[in-house]
Amino acid sequence: MKKSNHTSVLIVGAGPTGLTMAAQLAQHGIAFRIIDKKEGLTTKSKALGVQGRTLELLESMGLAEKALELGNRVNGANILIKGKKAATLDISGIEGLDGPYAFLLILEQSKTEKILYDYIQNAGLDVEWQTELLDFSQNEQGVKATIRHADGSEETVSANWLIGADGASSPVRHILNLPFKGGTYEQRFLLADVQLEWELEHDQLYLSFSNDGFTGFFPMFGEGRYRIIGSFPRNYKGDYEKVDFEEVKAIIHQLAHIPLKMSNERWYSVYKLHHRAAEQFRVARAFLLGDAAHVHSPAGGQGMNTGIQDAYNLAWKIAMVEKGMANSEFLDTYQQERYPIAQKLLNGTDAAFQMLVHPNPLVLFFRNHIFPKVANFITRNEKIRRRVFRIVSQIAIRYRNSSIVEEHNPKQLFHRKAPKAGDRAPYGIVQNADNERLSLYKVIGGSSHQLLLFTGKNSTTEEMDKLVEMRQYVKENLGNWINCFVIQVNGNEIKEFENVYIDPENALHELYGSQQATCYLVRPDGYIAFRSQP
């Protein structure tokens, strides 16, 4: 079918970030075209770690079960010093409080892309492969982009918005003439996707340190399959351009100090790592997402997840503008909300990576002797362990300083631990009229704003009347973009509306601090936009 020369959104790049953007726009019913100069999806494992917050996004699209089926759940990280176990860090969260995905999922990028691509195709849409962005210009009316197809023909596409999800060497960023500030780590690194025979457990990942460098072993789906990463020994004198798999194996043996046998290599590579970021993620009608906006070390498995969350943050905002529910200035909140997150991650992953690779004797001493003790302490301390998990899994990300979140009388209504405007809406369980227990995320997931009306445990008749009045007002006046859900304590308070659920054991009322009748407006990306009394 011939593509229209005009579309609402032109997406450049069909990696995980661009595919997420396309899938989210499809969910919101916004027209787009997505192009990529590659021949198709990657066949390499590349980025591996899928964090809990990303799995929550996939759940909202009905894709989490597929990801879990194709991936390998990891609950622990082990630190080895010269081949001997020095610490075990439990990297799982607390099931039920941190959500249903309180663990790290190892899922090859090739599979993540396929899951998202299938979603797009099931919506009757597709990626234009072997299609390259040559140039674009923009004005107040829109964007005009010149693209070149596989047969060499060129086309001018007009769009309301342009998305640059085209990687670290982003042509979109270069055309915008935006600096990409940062640097490149001096040391070279290697990776290998192999079959591994050893005596260690397959549901754990391992970081092995020695004075010469480090190796990391990440368990992939399939018996004995691992991704191995490592630094070249500090005294390496060979030619990086001529390294073959036999030399890769020899270096891993030298660094790891563990009895192991490697075979069936599917992919190996020698590479350099970068830490850079653009200062602007939006220029008029053009946006940068993922590696086009920020690249950082692989420490903590944050890169791909951050790009996916960039798309998750921006897609619903573009949808609101395209549907006439907000003006274009609303899109400034993408930079406002995501730039600080990218900077914080850039600084954090850089510091963590320096600890892994820095040759300074003091750093080596800390890494080999102090850090294992810190890891063991974190595992023993449930409160700290949970906090670390929430940070790494990106569940702790919040937008409290955003200009599009607000709250009313918070000190009068909510206890100190209740989620605030800008926080991720906490996970919990609700019960429907058939007494089925359901994930709150599955109940409220979708492309609209969701208004959660809690009846409260100690509400007065007047407060209940106000809640009913608010429910009716929203339905009659804002029903085209807000869905209402009543969450009640025992099932007797309100019966006449649809989307009424019971809060088993009052757990959600406690979690959301709803002693009295309260409301939470949840954005399409799962963050709280507003909280108040009805």
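Our structure's up above, just so we're on the same page.
Notes on the structure in this doc start here. (Residues numbered from 1 in each chain as written. Predicted model: local features only at pLDDT ≥ 70, side-chain atom pairs only at ≥ 80, totals over all residues. Heavy atoms only, no water.)

1. Brief notes about the overall build of the protein chain
If you tally the helices and strands in the protein chain, you get 14 helices and 29 strands. In summary, the protein chain has a C-alpha radius of gyration of 25 Å against a globular reference of 24 Å for 534 residues, a match within 12%. In terms of overall dimensions, the protein chain has a C-alpha envelope of 80 × 60 × 40 Å along the principal axes. For the protein chain, the residues scored as buried account for 55% of the 534 residues in total. The long-range fraction of contacts in the protein chain, counting pairs at least 24 apart against all pairs at least 6 apart in sequence, stands at 71%. As displayed, the protein chain has an accessible area near 23300 Å², and 50% of this comes from carbon and sulfur atoms. When the 60 positive and 61 negative side-chain charges of the protein chain are each reduced to one mean point, those points stand 6 Å apart. (Helix = DSSP H or I, 4+ residues; strand = E, 2+ residues; numbered from the N terminus. Rg over C-alpha atoms; globule rule 2.2 N^0.38 Å. Buried < 20%, exposed > 50% of the residue type's maximum accessible area, 1.4 Å probe, protein only. Contact = heavy atoms within 4.5 Å. Areas by Shrake-Rupley, 256 points an atom, 1.4 Å probe, with all protein chains shown as cover. Lys, Arg positive; Asp, Glu negative; His and termini not counted. Charge placed at Lys NZ, Arg CZ, Asp CG, Glu CD.)

2. A few points about the sheet that holds strand S18 (residues 274–278)
Strand order across the open sheet formed by 3 strands is S12-S18-S21, with antiparallel pairing between neighbours. Of all strands in the sheet, those bounded by a partner on one side alone are strand S12 (180–184) and strand S21 (294–295). Here 2 bridges tie S18 to S21, and the two strands are oriented antiparallel to one another. Looking at the pairing, Arg-276 lines up with Val-295 of S21. (Pairing = 2+ DSSP bridges.)

3. So, the packing of aromatic side chains
Going through the model one piece at a time under the given rule, you end up with 21 aromatic pairs. With centroids separated by 6.4 Å and ring planes inclined at 80°, the aromatic side chains of Tyr-101 and Phe-103 adopt a geometry described as edge-to-face. Among the aromatic side chains, those forming a connected cluster through ring pairs are Trp-161, Phe-281, Phe-287, Tyr-334 and Tyr-339. If you follow Arg-285 out to its NZ or CZ, it ends over the ring of Trp-161, 4.6 Å from the centre. (Phe/Tyr/Trp six-rings, centres within 6.5 Å; stacked < 30°, edge-to-face > 60°. Lys NZ or Arg CZ within 6 Å of the ring centre and 35° of its normal.)

4. Here's the deal with unusual backbone geometry
Phi at Lys-82 is positive, roughly 50°, even though this residue is not glycine. Inspection of the secondary structure assignment puts Lys-82 in the loop between strand S5 (76–81) and strand S6 (84–90). Although it is not a glycine, Gln-130 sits at a positive phi angle of roughly 55°.

5. Considering the nonpolar core
In this structure, Met-21 and Ile-163 are the most contacted members of the largest nonpolar core, which totals 72 residues. Sorting elements by how many residues they give to this core places helix H7 (residues 303–322) first, with 11 residues. Not counting chain neighbours up to four residues away, the residues in contact with Ile-163 comprise Val-9, Leu-10, Ile-11, Val-12, Met-21, Phe-287, Leu-289, Leu-314 and Ile-318. (Core = buried A, V, L, I, M, F, W, Y, C linked by side-chain atoms within 4.5 Å.)

6. With respect to the side chain of Ser-158
Tracing the sequence through the fold places Ser-158 in strand S11 (residues 154–164). On the basis of relative accessibility, which here comes to 17%, the residue Ser-158 falls in the buried class. Of the polar contacts made by the side chain of Ser-158, one reaches the side chain of His-6; its length is 2.9 Å. Contact partners of Ser-158, with chain neighbours within four places excluded, come to Asn-5, His-6, Thr-7, Val-143 and Lys-144. (Polar contact = N/O pair within 3.5 Å; in protein donor to acceptor, adjacent residues only side chain to side chain.)

7. Here we look at the packing of helix H2 (residues 52–60) against H7
Packing of H2 against H7 brings their axes to within 10 Å, and their N-to-C directions diverge by 45°. When the interaxial angle is binned, H2 and H7 end up oblique. For the pair H2 and H7, the sense of crossing is left-handed. Side by side, H2 and H7 meet where Arg-53, Thr-54, Leu-57 and Ser-60 of the first sit next to Asn-305, Ile-308, Gln-309 and Tyr-312 of the second. (Axes fitted to C-alpha atoms, helices over the stretch in contact; angles between N-to-C directions. Parallel < 35°, antiparallel > 145°, perpendicular 65-115°, else oblique. Left-handed = near helix turned anticlockwise from the far one by under 90°.)

8. Some details on helix H1 (residues 16–28)
The first and last C-alpha atoms of H1 sit 18 Å apart over 13 residues, in line with the 18 Å expected at 1.5 Å per residue. For H1, a buried count of 11 out of 13 residues is recorded, marking the element as mostly surrounded by other parts of the structure. Taken together, the buried positions of H1 are Pro-16, Thr-17, Gly-18, Leu-19, Thr-20, Met-21, Ala-22, Ala-23, Gln-24, Leu-25 and His-28. Gly-29 lies just past H1 and shows a positive phi near 75°. (Expected span 1.5 Å × (residues − 1).)

9. Side note on the packing of H1 against helix H4 (residues 109–122)
Two numbers describe how H1 lies on H4: the axes approach to 9 Å, and their chain directions differ by 25°. Looking at the two axes, H1 sits roughly parallel to H4. Crossing geometry of H1 relative to H4 is assigned as left-handed. Judged by residue contacts, Pro-16, Leu-19, Thr-20, Ala-22, Ala-23 and Gln-27 of H1 engage Gln-109, Glu-113, Leu-116, Tyr-117, Tyr-119 and Ile-120 from H4. Looking at side-chain class alone, the contact of H1 with H4 contains 8 nonpolar, 3 polar and 1 charged residues. (Nonpolar A, V, L, I, M, F, W, Y, C, P; charged D, E, K, R; others polar.)

10. A few points about the pattern of salt bridges
Inspection of every chain in the model, using the stated rule, returns 24 salt bridges. Between Glu-56 and Arg-53 there is a salt bridge, with the nearest N and O atoms lying 2.5 Å from each other. Of the two residues, Glu-56 and Arg-53 are both situated in helix H2; the distance of 3 residues between them amounts to about one turn of the helix. You can call Glu-56 buried: its relative accessible area is 4%. Here Arg-53 falls in the buried class, since its relative accessible area comes to 4%. Residue Arg-523 pairs with Glu-337 through a salt bridge whose shortest N-O separation is 2.8 Å. Taken together, the residues span a long stretch of sequence, with Arg-523 in the loop between strand S28 (518–522) and strand S29 (528–532) and Glu-337 in helix H8 (residues 332–357) at a distance of 186 residues. For the pair shown, Arg-523 and Glu-337 are each scored as buried. (Salt bridge = Lys/Arg side-chain N within 4 Å of Asp/Glu carboxyl O.)

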